[in-house]
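Chain residues, written in single-letter form:
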There are 2 protein chains.
Amino acid sequence: MARQERAIRTRRAVLEAAAKVFGEYGYSAATVSDILKVAGMTKGALYFHFDSKEALARGIIEAQVEQLLPPQDLKVQEWVDQGMMLAYQLPRDPVVHAGAVLSSDPLGREHYGSAWPKLIERSVQTLAEAKERGEIHGHVVPQQTGELLASAFHGVQLFSQLEVGLRDIEVRVSGLYEHIMPAIATPAVLTRLDLSPDRGARLYAQIQPQDTQQPAPVATAG
Amino acid sequence: MARQERAIRTRRAVLEAAAKVFGEYGYSAATVSDILKVAGMTKGALYFHFDSKEALARGIIEAQVEQLLPPQDLKVQEWVDQGMMLAYQLPRDPVVHAGAVLSSDPLGREHYGSAWPKLIERSVQTLAEAKERGEIHGHVVPQQTGELLASAFHGVQLFSQLEVGLRDIEVRVSGLYEHIMPAIATPAVLTRLDLSPDRGARLYAQIQPQDTQQPAPVATAG
């Protein structure tokens, strides 16, 4: 394994360990020692990537915001895809989940920030492009609709978390889009949109590198 | 003052003191002694109404759910009014605010419950009546739309709380209804709905008993 690839994997392992510890104890109670134990690595290896607990929280939030999505014919479909992908990842990716929890922690976010501003900025930008193309109604204000979607999404996520541990988040987020798209998209665009609950799963499968979709190679002696 | 009226006022004073203490320290850290200090009353007076911290939390949640609203020509307007009234009360009524905070506390609500089931039940019931009257589309499922509104409302409330201390909650909740009503209400009904941000304030003024709208009478000697 090349040195750079190893560094990327170590960095990711640290983030996943930090995500588990923040998820279990909350940001304030979590310590770097707890994270080292879960990651099974030395202080030096961890500090090479993140020099404090705050830096770990910032790293998780940055990783949550990174999102590769395939381009679509309709910009407003890309807008929907941002949320459907997040709904798919939340119960499956501990880093994305921890990023969401950290981002809405009223005390913590004063120190390490929140993913919300970047997620909203991207959402507003995509809506503005959809509006330029005439896909959404002229009276839609991208900033207002972007903030509304982000806050409503958060509420739906919390509801699903409290009720069934996020098991129905994709169905509920799909329902959120079903309820708001008629106010936003033009009738012709509305019929072409894919808002189905498994949208995120299909997008996720599309963006996987080919080699990781195949079974892992079996180690051979020598 | 009649004995019964005095008891009602004492009970309300206890709830308001508990709401302030829960709001400041959170449920777990708050103690009955803290609440007694804020209320300025004896243990006996408090325990006459509420025999534990849990009972106080339940009392706050019950008070949050009580909501008097004037009947409207359209049932779906009554559905909107439930949320617009709550949006008006949240930054102004400490008991309603504490009820909302307690209801979404994942650890606490296992002990004292949550206002959400009752609020959703009322919302679903009103939507079902609106559907029977043909005010909303036939494909609307009241249970799904009721849960969606409750969870999205909670997210909007949290966003407004974190960003500006609830100062714009009425504008944001009005925006939430603007975004979801076209998916729900028939076109003819849609044009008749009042979704404006000051809807809650106007409803609140309507339901005040006449005497409390006038200045308090000046006390005269003997």
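Residues numbered from 1 in each chain as written. Chains lettered and ligands numbered in written order. Predicted model: local features only at pLDDT ≥ 70, side-chain atom pairs only at ≥ 80, totals over all residues. Heavy atoms only, no water.

Under the annotation held in an unreviewed UniProt entry, chain A carries the name ScbR family autoregulator-binding transcription factor and is attributed to Streptomyces solicavernae.

Asks: Just checking my understanding: could you explain the UniProt feature "DNA-binding region" (unreviewed entry) in chain A for this structure?
Replies: The sites that UniProt annotates as "DNA-binding region" (unreviewed entry) are residues 31-50 of chain A. Within the segment residues 31-50 of chain A, helix and strand shares are 75% and 0% respectively, and the terminal C-alpha atoms sit 13 Å apart. (UniProt positions renumbered as here; feature names shortened; annotations may be inferred. Helix = DSSP H or I, 4+ residues; strand = E, 2+ residues; numbered from the N terminus.)

Asks: When you look at the nonpolar core in this model, what are you seeing that I'm missing?
Replies: One recurring pattern in soluble globular proteins is that nonpolar side chains are buried together. Counting residues in hydrophobic clusters, the biggest one holds 62 residues, and the most contacted among them are Trp 79 and Met 181 of chain A together with Trp 79 and Met 181 of chain B. Excluding anything up to four places from it in sequence, Met 181 of chain B contacts Val 76, Trp 79, Val 80, Leu 190, Leu 193 and Leu 195 of chain B. (Core = buried A, V, L, I, M, F, W, Y, C linked by side-chain atoms within 4.5 Å. Buried < 20%, exposed > 50% of the residue type's maximum accessible area, 1.4 Å probe, protein only. Contact = heavy atoms within 4.5 Å.)

Asks: I tried to follow the environment of Ala 7 of chain B on my own but got confused; where do I start?
Replies: Residue and element names in this part refer to chain B. Topologically, Ala 7 is positioned in helix H1 (residues 3-25). The partly exposed category is assigned to Ala 7, whose relative accessible area is 28%. For the pair Ala 7 and Phe 48, spaced 41 residues apart in the sequence, the C-alpha separation amounts to 9.6 Å.

Asks: Is there a simple way to explain the relation of the copies chain B and chain A in this structure?
Replies: The second copy of the chain is related to the first by a rotation about an axis and a shift along the axis. Relative to chain A, chain B is turned by 180° and slid 0.0 Å along the rotation axis, the superposed coordinates differing by an RMSD of 0.0 Å. Read as a symmetry element, the transformation amounts to a two-fold axis. The share of interface residues of chain B whose copies in chain A are also at the interface is 100%, consistent with both copies meeting through the same surface. (Least-squares fit on C-alpha atoms with pLDDT ≥ 70 in both.)

Asks: How should the packing of aromatic side chains be read in this particular structure?
Replies: Here a ring pair, both rings aromatic, is described through the centre-centre distance and the interplanar angle of the planes. Scanning the model with the defined rule gives 10 aromatic pairs over all chains in all. Centre to centre, the rings of Trp 116 of chain A and Phe 159 of chain B are 5.7 Å apart; their planes meet at 10°, and the pair counts as stacked. On the criterion of chain membership, the pair formed by Trp 116 of chain A in helix H8 (residues 116-132) and Phe 159 of chain B in helix H9 (residues 142-164) is interchain, its members lying in two chains. Assessed through its relative accessible area of 3%, Phe 159 of chain B is described here as buried. Geometrically, the ring pair formed by Phe 22 of chain B and Tyr 27 of chain B is tilted, given 5.4 Å between the ring centres and 45° between the ring planes. For Phe 22 of chain B, a relative accessible area of 4% translates into the label buried. Counting every residue linked through ring pairs, the aromatic cluster contains Phe 22, Tyr 27 and Tyr 112 of chain A. Directly above the aromatic system of Tyr 27 of chain A lies the positively charged group of Lys 53 of chain A, at a separation of 4.5 Å from the ring centroid. (Phe/Tyr/Trp six-rings, centres within 6.5 Å; stacked < 30°, edge-to-face > 60°. Lys NZ or Arg CZ within 6 Å of the ring centre and 35° of its normal.)

Asks: What am I meant to see in the packing of helix H4 (residues 53-65) of chain A against helix H6 (residues 94-103) of chain A here?
Replies: Geometrically, a packed helix pair is captured by the angle between its two axes and the distance between the axes. Residues and elements named next belong to chain A. It is the contact of H4 with H6, at a shortest axis distance of 8 Å, that shows an interaxial angle of 115°. Viewed along their axes, H4 and H6 adopt a mutual orientation that is roughly perpendicular. In this structure, H4 crosses over H6, and the sense of that crossing is left-handed. Residues Ala 57, Ile 60, Ile 61, Ala 63 and Gln 64 of H4 touch H6, and the partners they reach there are Val 95, Val 96, Ala 98, Gly 99, Ala 100, Leu 102 and Ser 103. Looking at the contact of H4 with H6 residue by residue, the classes come out as nine nonpolar, three polar and no charged. (Axes fitted to C-alpha atoms, helices over the stretch in contact; angles between N-to-C directions. Parallel < 35°, antiparallel > 145°, perpendicular 65-115°, else oblique. Left-handed = near helix turned anticlockwise from the far one by under 90°. Nonpolar A, V, L, I, M, F, W, Y, C, P; charged D, E, K, R; others polar.)

Asks: In this structure, what is going on with the interface of chain B and chain A? I would like to understand it.
Replies: For interface size, the figure often reported is the accessible area lost on association. Taken together, the 25 residues of chain B in the interface contact 25 residues of chain A. Taking both sides of the interface into account, the surface hidden between chain B and chain A amounts to around 2,100 Å²; carbon and sulfur atoms contribute 73%. Contact with chain A buries surface across chain B, with Phe 159, Leu 162 and His 179 of chain B losing the most and accounting together for 29% of the total. Run the count over chain B and chain A and you get four salt bridges. Between Arg 172 of chain A and Glu 147 of chain B there is a salt bridge whose closest N-O contact spans 2.8 Å. The interface formed by chain B and chain A includes six residue pairs in polar contact (both at pLDDT 80 or more). (Buried area = accessible area lost by both parts, 1.4 Å probe. Salt bridge = Lys/Arg side-chain N within 4 Å of Asp/Glu carboxyl O. Polar contact = N/O pair within 3.5 Å; in protein donor to acceptor, adjacent residues only side chain to side chain.)

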